[in-house]
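One letter stands for each residue in the lines below.
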Amino acid sequence: MTEPLETLSIADLGTGLRNGSLTSAKITEHCLSRIAELDPALNAFITVTGDRAMQDAAKADRELADGTDRGPMHGIPYGLKDIYDTAGIRTTCHSKLREDVIPATDSVCAEKLAQAGGVLLGKLSTHEFAFGGPSFDLPFPPARNPWNRDHGPGGSSSGSGAAVAMGMMRTAMGSDTGGSIRGPAAYCGVIGIKPTYGLVSRRGVFPLSYTMDHCGPLSKTVEDAAITLQAVAGYDAIDPACADMPVPDFRASLNTGVKGMKIGLLRSFYADAEGMAPESSAAIDAAAETLRSLGAEVEDVQGASPFTQYNSCGRVILLAEAYAIHEEDLKTRPLDFGQLTMERIMLGAYISAADLVQAQRLRRELSQEVNSIFLKQYDVLLAPSSMTPAPRIDAPQKGFPLAWPMQTMPFNVTGNPAMSIPIGFSDSGLPLSMQIVGGYFDEATVFRVGQAYEAATQWHLKWPEPALVEAA
């Protein structure tokens, strides 16, 4: 293969591994070389597990040579957001409070990726406890955006987005409570899928909100995301939120196009929203027109509850549950939190039981609106991922203001699968994005629509310029 290794998809790498033109060791060495060269300017990693990676790669090469094939992830390097427990490898949550925590067991996702023959490159930067950042008062520096390191990569799966966008790996696991997979995907110009609530076990992943946390991958292409999700999805009886149902083939509908599909555009979420960048709105309109040109019927969704209602509902639940998780440390070790994290989580102390009950009641109504009304009419919905390109990294928002550029919270509230996909670039050269939202456990249709759009536009073929990062 003559193409640079970082540009080859997981499927292409798999072909090379099975026809003998590539080895997992060669792929892994290439990834580790890019990490060593580029990560000092991006801070995507907290811990690089080079020795473990080469051991995983050697094992994959032996197994494939002996005829043992564990599936599409066999021999493929990946990374884990540093809230995923890894046996014998520290899991810091990017926080002083867990700086030296070394778990005894793997999270379920880490275990499944190992069983699939994946190669662990290391643990990736996050906002502290998947909530507070980007911050400069933590034990590790915040990750940077590979398209312009003066800008943030989004959060909280910041290192996952930056590492995938920069070609250090094709896929990485993140988590999403209010947009923490889709935000970095949007700002870094990659794919990020928040699966249906309950599709992927969260056991062994440090929680932020018990009823809104989701685990999922950030990947370079739609197919890469589908392959990664296939490896980690499935029932876990010990995770009380996990759904006991069969896992479909997420790639079954790829390359079948969108002709004849009905797609609803949630224009009311953003049309008159304060802070919506005109170039973001124009890019979504252009993406909708592309899907029309491919044979889909795209129309505005009528009668949707305002975005602010979904957003407020999700914030009340998130803050109340986050405070419950961190209450003891906030009382006994408040100064060991970063300032942003403490400011945001402390807001949960002021939420009453009545507030939480009302939010949970509203949550049921909003979920019914999306699933019993809109997704009865449409195969998928379209919405913004972010109203703006990535903001500067030196201007984090204090507290947890309502005027947040991300528009991802609605589908944490409802639990629907939602995928961020790149749809162009701003005048400043930063990625633009939109969400594709599907029905419960219908990730295959989300991937189908995303892959059709991806193939028609080829934004995924664009890469940040390494020379700019190296010169920083």
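This report concerns the structure included in the present document. Computed from a predicted structure; not experimentally measured. (Residues numbered from 1 in each chain as written. Predicted model: local features only at pLDDT ≥ 70, side-chain atom pairs only at ≥ 80, totals over all residues. Heavy atoms only, no water.)

Description of unusual backbone geometry
Item 1. Residue Pro 134 is bonded to the preceding Gly 133 through a cis peptide linkage, with omega at 0°.
Item 2. By secondary structure assignment, the location of Pro 134 is in the loop between β3 (119-124) and α5 (158-165).
Item 3. For the bond running from Gly 155 to Ser 156, omega is 10°, close enough to zero to count as cis.
Item 4. You can see Ser 156 is positioned in the loop between β3 and α5.
Item 5. If you check the backbone angles, Asn 255 has positive phi at about 65° while not being a glycine.
Item 6. Structurally, Asn 255 can be placed in the loop between α7 (222-232) and β7 (262-265).
Item 7. For Asn 255, a relative accessible area of 65% translates into the label exposed. (Helix = DSSP H or I, 4+ residues; strand = E, 2+ residues; numbered from the N terminus. Buried < 20%, exposed > 50% of the residue type's maximum accessible area, 1.4 Å probe, protein only.)

Here's the deal with the packing of helix α9 (residues 307-332) against helix α11 (residues 353-377)
Item 1. At a minimum axis separation of 9 Å, α9 and α11 run at an interaxial angle of 135°. One finds that α9 runs oblique with respect to α11. Two packed elements cross with a definite hand, and for α9 against α11 that hand is left-handed. Contacts from Gln 309, Tyr 310, Cys 313, Val 316, Ile 317, Ala 320 and Glu 321 in α9 reach Asp 355, Leu 356, Ala 359, Gln 360, Leu 362, Arg 363, Leu 366, Glu 369, Val 370 and Phe 374 in α11.
Item 2. For the contact of α9 with α11, the residue count by class is 11 nonpolar, two polar and four charged. (Axes fitted to C-alpha atoms, helices over the stretch in contact; angles between N-to-C directions. Parallel < 35°, antiparallel > 145°, perpendicular 65-115°, else oblique. Left-handed = near helix turned anticlockwise from the far one by under 90°. Contact = heavy atoms within 4.5 Å. Nonpolar A, V, L, I, M, F, W, Y, C, P; charged D, E, K, R; others polar.)

Observations regarding the packing of aromatic side chains
Item 1. Across all of its chains, the model carries seven aromatic pairs by this definition.
Item 2. Ring centres 6.0 Å apart and planes at 65° place the aromatic pair Phe 425 and Trp 459 in the edge-to-face group. One end of the pair, Phe 425, is in strand β10 (residues 418-425); the other, Trp 459, is in the loop between α13 (443-457) and α14 (466-470), and 34 residues separate them in sequence.
Item 3. Residue classification places Trp 459 among the partly exposed positions, given a relative accessible area of 25%. (Phe/Tyr/Trp six-rings, centres within 6.5 Å; stacked < 30°, edge-to-face > 60°.)

Some details on α9
One turn of the α-helix equals 3.6 residues, which is why residues spaced by three or four share an orientation.
Item 1. Its 26 residues place the ends of α9 37 Å apart at the C-alpha level, agreeing with the 38 Å of an ideal helix rising 1.5 Å per residue.
Item 2. Along α9, the sharpest change in direction is near 60° and occurs at His 326. (Expected span 1.5 Å × (residues − 1). Bend = angle between axes of the 7 residues up to and from the residue.)

Describing the packing of α7 against α13
Item 1. For the pair α7 and α13, interaxial distance at closest approach is 9 Å and the crossing angle is 155°. It follows that α7 is roughly antiparallel to α13 by the angle criterion. When α7 is examined against α13, the residues Val 222, Ala 225, Ala 226 and Leu 229 are found in contact with a partner set consisting of Glu 443, Phe 447, Gly 450, Gln 451 and Glu 454.
Item 2. Taken together, the residues of the contact of α7 with α13 sort by class into five nonpolar, two polar and two charged.

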